[in-house]
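Residue strings, one per chain:
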Amino acid sequence: MSHLPIAPILVPLLAGALMLLLPRQGLRRALGIAAVVAQLGLALALLERTADGTSLVYALGAWPAPFGIVLVADRLAAWLLVTAALVALCALLYALRGEDDAGPHFHALYQWQLLGLNGAFLTGDLFNLFVSFEILLIASYALLLHGAPSPARTRAGLHFVVVNLLGSSLFLIAVGTLYGVLGTLNMADLAVKVAATPPESVGLVRAAGLLLFGVFALKAALLPLHLWLPAGYARTGAPVAALFAIMTKVGAYSILRVFVPIFGPGAGPLADLAQPWLLPLALATLAAGALGALAATGLRRQVAYLVVASVGSLLTAFGLGSAAGIAAGLYYLPHSTFAAAALFLLADIIAKGRGDLGDRLDPGPAVPGAVTLGALFFVLAVAMVGLPPLSGFLGKALTLKAALGHAMLPWVIGVVLVAGLCALIALARTGSLLFYRAEPWSEPAPGPNAWVLAPVLGLVALILGLTLFAGPLSDLTLAMAGDLLDPAAQGRAVLGQGAL
Amino acid sequence: MEALMAVVIGTLTALGVWLILRERTFPVVLGLTLLSYAVNLFLFGMGRLTMGRPPVIAAGAPGYADPLPQALVLTAIVIGFAMTAFVVTLALKARAELGDDRVDAGEGDGEP
């Protein structure tokens, strides 16, 4: 048994613990960067090992599934691990310019946030998914409140914590009910047992499944459970907001993991449990995010609403239910994460350059280095809205193509295109206000230096990479969608040959 | 015993939900605590209620109690305890920084 699947969990756990002992910030920074680079290397190694469709199963304590707890690394999990590590690296590089000095434990919390994220991607067990959620949430509570005390941030943090604690309670009730009826929490085993639910228990399992859907919808910020996101993301520090761009994707990933193989087409009496809810809610989320972006009065709040809209686009693709739809969503997922993270970082650079005006969308003097920042804003706006030629357009085009023939086709096309138009208007208005209608400076000020821009440029380069290698990468996501829709293959890998 | 357990869990949940909907932090924290008690009892009950049986298969015992929910409850208690400590600290911080203990205040206040 290879120990590779557990390494992305152990590295941030040990690095975070070690950081508590390190006396100097310089050492913590070096260890933080080294740990994230190591996680990126491990994630790429896992992707390379699993790209042909193998599932690496790691039984903790060598107890065989479904009695012991397993980690399952397949290409979908590795894809998410790579995305998370890349975003984490760029956000951490940005944090090094001073954001991490506001408190002594920034780097330790950052590593534990990654521990929770990696655990959630790798777990093969519903209860461990809960534990990973709690780890990433408690780290995110502290990171959200990290930095200079501000009443607005504290208020947003309090709401975020209470809402998520409530979500955790519902998660446990759902997990308990599933265990009480089916006697297992192993995901591969659940996929088998749910399909064979005895008729008298169908109602209970349906209730537990829909409760799980509610919890994941809360984590993914699906309408009407999205209200915590704009308030929290707009007020926390920029690198933290950039890292949080991956956090809503954990909810989307969990929806995919639970509602395609377990409560998906093959679930017998409980087939397609969440399907009637997912697509309409995703479209409503997309519309609400786009309208929020139009109405926002601050740049960071606007980006936060665009994150809501991108969750809507992502879950629209997943909600189509077909392999092509899921594959389109999986291709769009890293793109929207990179674009949102880059926009959060860029919004912070712009806000710092504007002095007292901050990120408020009021006319004022030009930002120092306006040409560079304006060009970056333009590229990222194109990426975020989903205009050609960048990968956002490809993701949306793949989604619309997958929607052809779906019963809700007119709704999907209408909402996706109109929401794209709204986001375009919102960002065009912001761009012209910040860069065209700006009053010229009386004396030229130096723009941000290359180190500040490097993380944003890195994220732009990743988006370009996604665009250039769209062919092979979309083939890979199509294969991942195929794995999800055919859970028997992974079930054999997890439970052994004789189990099915 | 099942009926008693169900009534206890139901009462705790109802009280917890009612308290969470209050407008000040202290009742909300109490509500979250009551809700986590209800959840812990619920998880425990999911292993079926048994009396005087060991959580392992032992010769001579009349049967065994399902050990897995007990492990789950233990984890949930630890996590719930940490979360309660955190939310109490956060409520105190909010009381100090915001000057009041309301959780329902609007979005606009304190905007930079």
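All residue numbers refer to position in the chain's written sequence, counted from 1. Chain A is the first chain written and ligand 1 is the first ligand written, with later ones labelled in order. It should be noted that, the model being predicted, local features are given only for residues of pLDDT at least 70 and side-chain atom pairs only at 80 or more, the latter also being counted only at that level, while totals for whole chains, interfaces and linings use all residues.

A. Molecular detail of the overall build of chain B. Numbering of helices and strands starts at the N terminus; helices are DSSP runs of H or I of at least 4 residues and strands are runs of E of at least 2. The helix and strand inventory of chain B stands at three helices and zero strands. For chain B, the α and β elements follow one another from N to C terminus as α-α-α. Only the C-alpha atoms count toward the radius of gyration. The rule for a globule is 2.2 Å times the residue count to the power 0.38. The globule rule puts the C-alpha radius of gyration for 112 residues at 13 Å, and the 19 Å found for chain B is more than 25% above it. Principal-axis analysis of the C-alpha atoms places the extent of chain B at approximately 70 × 25 × 15 Å. Any two residues are considered in contact once their C-beta atoms, placed from the backbone, lie within 7 Å. Across chain B, contacts joining residues at least 24 apart in sequence account for 49% of those joining residues at least 6 apart.

B. Main features of the overall build of chain A. Counting its regular elements, chain A contains 20 helices and two strands. The C-alpha radius of gyration of chain A comes to 22 Å, within 12% of the 23 Å expected for a compact globule of 500 residues. For the exposure call, what matters is how many other C-beta atoms sit within 10 Å of a residue's own: 20 or more marks it buried, 12 or fewer exposed, and in between partly exposed, using C-beta atoms placed from the backbone. Looking at chain A residue by residue over its 500 residues, the buried ones come to 60%. Partitioning the intrachain contacts of chain A with sequence separation of at least 6 by distance along the chain shows that 78% fall at a separation of at least 24.

C. Looking closely at unusual backbone geometry. All names here are of chain A. In this structure, Pro 224 follows Leu 223 across a cis peptide bond, with omega equal to 0°. You can see Pro 224 is positioned in the loop between helix 8 (202-220) and helix 9 (228-235). For the peptide bond that leads from Pro 388 to Pro 389, omega is 10°, which places it in the cis range. Relative to the helices and strands, Pro 389 resides in the loop between helix 15 (370-385) and helix 16 (391-403). With a phi angle near 65°, Ala 221 is a residue other than glycine that sits in the positive phi range.

D. Structural detail: the environment of B:Leu19. Residue and element names in this part refer to chain B. Tracing the backbone shows Leu 19 in helix 1 (residues 2-20). For the pair Leu 19 and Val 73, spaced 54 residues apart in sequence, the C-alpha separation works out to 23 Å. The residues touching Leu 19, leaving out its near neighbours within four places in the chain, are Pro 27, Val 28, Leu 30, Gly 31 and Leu 34.

E. Region of the structure containing the interface of chain A and chain B. Contacts between the two partners involve 24 residues from chain A, matched on the other side by 29 residues from chain B. Elements that contribute at least two residues to the side of chain A that touches chain B include exactly helix 5 (126-144) and helix 6 (151-182) of chain A. Element by element, the count of residues in the side of chain A that touches chain B is highest for helix 6 of chain A, at 16 residues. When the residues that make up the side of chain A that touches chain B are grouped by side-chain class, the tally is 16 nonpolar, six polar and two charged. Under the convention adopted here, Pro, Cys and the residues Ala, Val, Leu, Ile, Met, Phe, Trp and Tyr are nonpolar, Asp, Glu, Lys and Arg are charged, and Gly plus all remaining residues are polar.

F. How the structure looks around the pairing of strand 2 (residues 70-73) of chain A. Residue and element names in this part refer to chain A. Side-chain alternation along strand 2 places Val 70 and Val 72 on one buried face and Leu 71 and Ala 73 on a second face that is also buried. For two strands to count as paired, DSSP must find a minimum of two bridges between them. Pairing of strand 1 (residues 56-59) with strand 2 involves four bridges; the strand directions are antiparallel. Across the sheet, Leu 56 pairs through a bridge with Ala 73, a residue of strand 2.

G. Just helix 15 of chain A, in detail. All names here are of chain A. To estimate how far a helix should extend, the number of its residues minus one is multiplied by 1.5 Å. The terminal C-alpha atoms of helix 15 lie 21 Å apart, and with 16 residues this matches the ideal 22 Å at 1.5 Å per residue to within 8%. Buried residues along helix 15 sit against helix 13 (299-319), helix 14 (323-353), helix 16, helix 17 (409-436) and helix 18 (450-468). Where helix 15 ends, the next residue or the one after it, Gly 386, has phi of about 90°, a positive value.

H. Molecular detail of the packing of helix 15 of chain A against helix 17 of chain A. Residues and elements named next belong to chain A. Running from N to C, helix 15 and helix 17 cross one another at 175°; their axes reach a closest spacing of 10 Å. Comparing the axis directions of helix 15 and helix 17 gives the class roughly antiparallel. Here helix 15 contributes Ala 370, Gly 374, Phe 377, Phe 378, Ala 381, Met 384 and Val 385 to the contact with helix 17, which in turn contributes Gly 420, Ala 423, Leu 424, Leu 427, Gly 431 and Phe 435. In terms of residue class, the contact of helix 15 with helix 17 is made up of 10 nonpolar, three polar and no charged. Think of each axis as a best-fit line through the C-alpha atoms, taken over the contacting stretch in the case of a helix, with angles from 0 to 180 degrees between the N-to-C directions. Here the word oblique covers every angle except those under 35 degrees (roughly parallel), over 145 (roughly antiparallel) and from 65 to 115 (roughly perpendicular).

I. Quick look at the environment of A:Trp79. Residue and element names in this part refer to chain A. Tracing the chain through its elements places Trp 79 in helix 3 (residues 75-95). According to the C-beta neighbour criterion, Trp 79 is buried, with 25 such atoms within 10 Å. Taking the C-alpha atoms as reference points, Trp 79 and Lys 219, 140 residues apart in sequence, are found 20 Å from one another. Trp 79 has contacts with Leu 47, Leu 330 and Met 480, leaving out every residue within four places of it along the chain.

J. Broad picture of helix 13 of chain A. In a regular helix each residue adds 1.5 Å, so 21 residues correspond to 30 Å; helix 13 of chain A covers 30 Å between its end C-alpha atoms and thus fits that length. Backbone geometry just after helix 13 of chain A places A:Gly321 at a positive phi near 85°.

K. Inspection of the packing of helix 13 of chain A against helix 16 of chain A at higher detail. Residue and element names in this part refer to chain A. Across the interface, helix 13 lies against helix 16 with an axial gap of 9 Å and an inter-helix angle of 35°. Crossing handedness for the pair helix 13 and helix 16: left-handed. For the pair helix 13 and helix 16, the contacting residues are Ser 313, Thr 316 and Ala 317 in the first and Lys 396, Thr 399 and Ala 402 in the second. For the contact of helix 13 with helix 16, the per-class residue count stands at two nonpolar, three polar and one charged. A crossing counts as left-handed when the near helix is turned anticlockwise from the far one by less than a right angle, and as right-handed when that turn is clockwise.

L. Seen up close, the nonpolar core. Residues and elements named next belong to chain A. Only buried residues count toward a nonpolar core: Ala, Val, Leu, Ile, Met, Phe, Trp, Tyr and Cys, linked into one set through C-beta atoms within 7 Å. Formed by 228 residues in total, the largest nonpolar core has its most connected members in Val 87, Ala 341 and Leu 346. In terms of residues, this core owes the most to one element, helix 14, which gives 21 residues. When residues no more than four places from it in sequence are discounted, the contact partners of Leu 346 are Leu 373, Leu 376, Phe 377, Leu 380 and Val 456.

M. Spotlight on the confidence of the model for chain B. Residues and elements named next belong to chain B. Values of pLDDT, which run from 0 to 100, indicate the predictor's confidence residue by residue. On average, residues of chain B score 86 in pLDDT, and 93% of them reach the 70 mark or higher. Across residues 108-112, confidence stays below pLDDT 50; counting only partners more than four residues off in sequence or on other chains, it has six contacts. The ipTM value of the predicted complex is 0.91, and its pTM value is 0.92.

N. Molecular detail of the environment of A:Trp277. Tracing the chain through its elements places A:Trp277 in helix 12 (residues 275-295). In this structure, the C-alpha to C-alpha distance between A:Trp277 and A:Phe213, residues 64 residues apart in sequence, is 9.3 Å.

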